[in-house]
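# Structure assessment
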Amino acid sequence: MPQSLAKLYTHLVFSTKHRERCLTDEIGADLHAYMGGTLNGMGCIPIEINSEPEHIHALFLLSRTIALAEAIGQLKTSSNEWLRGRDARFAQFYWQGGYGAFSVSQSGVEELRQYIRDQREHHKRMSYQDEFRAFLRRYEIEFDEGYVWD
């Protein structure tokens, strides 16, 4: 019987609507755990998830049975609803409409995991917007500044 085999590491980055700085350390660990559970529920394997006040980084193995856009849509919708139900401060919470998703080689996984863990230190030197632009340039993704941010 033929098999369909895949191992696709995905680095996902997205922000809060208008980059609102509302993701506190107080909620971070629970949010990361919730997002990890959501990924698991779709057959995706979470590897590293971390957040800063206005954005999320998630490294995961994409399931071979779900499209990337579908997995990201479900992750964002589910976590948005979870945040809104968690605390009145998030009653009007939204994620940005878009996202950045980048492929990661097996040999780059550990370096990226450390990068995601070290977000707090990293963002003492670089803004989220500059970081995201750098990823887009590194992956040679053409973009229009007017449509990247919402």
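For the structure given in this document, a descriptive report is provided here. These numbers were taken from a predicted model, which means no experiment stands behind them. The written sequence of each chain sets the order in which its residues are numbered from 1. Only residues with pLDDT of at least 70 are given local features in this predicted model, and only at 80 or more are side-chain atom pairs given and counted; all residues enter the totals for whole chains, interfaces and linings. As a rule here, side-chain values cover all heavy atoms of the structure and leave hydrogens and water aside.

### Thoughts on the pairing of strand β1 (residues 8-15)
With seven of eight residues buried, β1 lies mostly within the body of the structure. Taken together, the eight bridges between β1 and strand β3 (residues 55-62) define a ladder with antiparallel strand orientation. When the bridges of β3 are listed, L12 appears paired with A58. As judged from the five bridges shared by β1 and strand β4 (residues 100-104), these two strands associate in the antiparallel manner. Directly across from T10, in β4, lies its bridge partner S103. Each residue is assigned to one of three classes by its accessible area relative to the maximum for its type, calculated with a 1.4 Å probe on protein chains only: buried under 20%, partly exposed between the two thresholds, exposed over 50%. Secondary structure elements are taken from DSSP: a helix is a run of H or I of four residues or more, a strand is a run of E of two residues or more, and numbering for both begins at the N terminus. For two strands to pair, DSSP has to find at least two bridges joining them.

### Remarks on helix α2 (residues 68-86)
Given a rise of 1.5 Å per residue, 19 residues ought to cover 27 Å, and the 27 Å separating the end C-alpha atoms of α2 matches this to within 8%. Listing the buried residues of α2 in full gives A71, I72, L75, K76, S78, S79, N80, W82 and L83. Buried residues belonging to α2 abut β1, α1 (25-41), β3 and β4. To estimate how far a helix should extend, the number of its residues minus one is multiplied by 1.5 Å. Whether two residues are in contact is decided by their heavy atoms: any pair within 4.5 Å suffices.

### A few points about the pairing of β3
β3 sits mainly inside the fold: eight of its eight residues count as buried. The sheet contact formed by strand β2 (residues 45-52) and β3 spans seven bridges and is antiparallel. Its bridge partner being in β3, E48 is matched across the sheet by L59. Hairpin connection from β2 to β3: two residues lie between these consecutive antiparallel strands.

### Topic: the packing of aromatic side chains
Think of a pair of aromatic rings as described by two things: how far the centres are apart, and how the planes are tilted against each other in angle. Any pair of Phe, Tyr and Trp rings, taking the six-membered ring for Trp, is counted once the centres come within 6.5 Å. Such a pair is stacked with planes under 30 degrees apart, edge-to-face with planes over 60 apart, and tilted for the rest. One pass over the full model with this rule turns up eleven aromatic pairs. Centroid distance F14 to W95: 4.8 Å. Interplanar angle 90 degrees. Geometry classified as edge-to-face. Residue F14 is found in strand β1, and its partner W95 is found in the loop between α2 and β4; the two are separated by 81 residues along the sequence. Accessibility classification places F14 together with W95 in one group, the buried group. Consider the rings of F102 and F132, whose centres lie 6.4 Å apart with planes at 65 degrees: the pair is edge-to-face. With F102 in strand β4 and F132 in helix α5 (residues 128-138), the pair connects residues that are 30 residues apart, well separated along the chain. Just as F102 is buried, F132 falls in that class too.

### Some details on the side chain of N50
If you trace the backbone, N50 turns up in strand β2. Not counting chain neighbours up to four residues away, the residues in contact with N50 comprise H32, H55, I56, H57, I116, R117 and Q119.

### Some points on the sheet that holds β2
If you trace the four strands from one edge of the open sheet to the other, you get β2-β3-β1-β4, paired in antiparallel fashion. Edge positions in the sheet fall to β2 and β4, since each has one partner strand and no second. Neighbour-to-neighbour, the strand axes of this sheet turn through a mean angle of 15 degrees, independent of strand direction. Its contacts with the sheet put α2 on β1, β3 and β4, and the angle it makes with β1 is roughly 45 degrees. Angles shown run from 0 to 180 degrees and are taken between the N-to-C directions of axes, each axis being a line fitted to C-alpha atoms and, for helices, limited to the stretch in contact. Across the sheet, α5 touches β1, β3 and β4, and the angle it forms with β1 is around 145 degrees.

These values are about where atoms sit, not about what they do.
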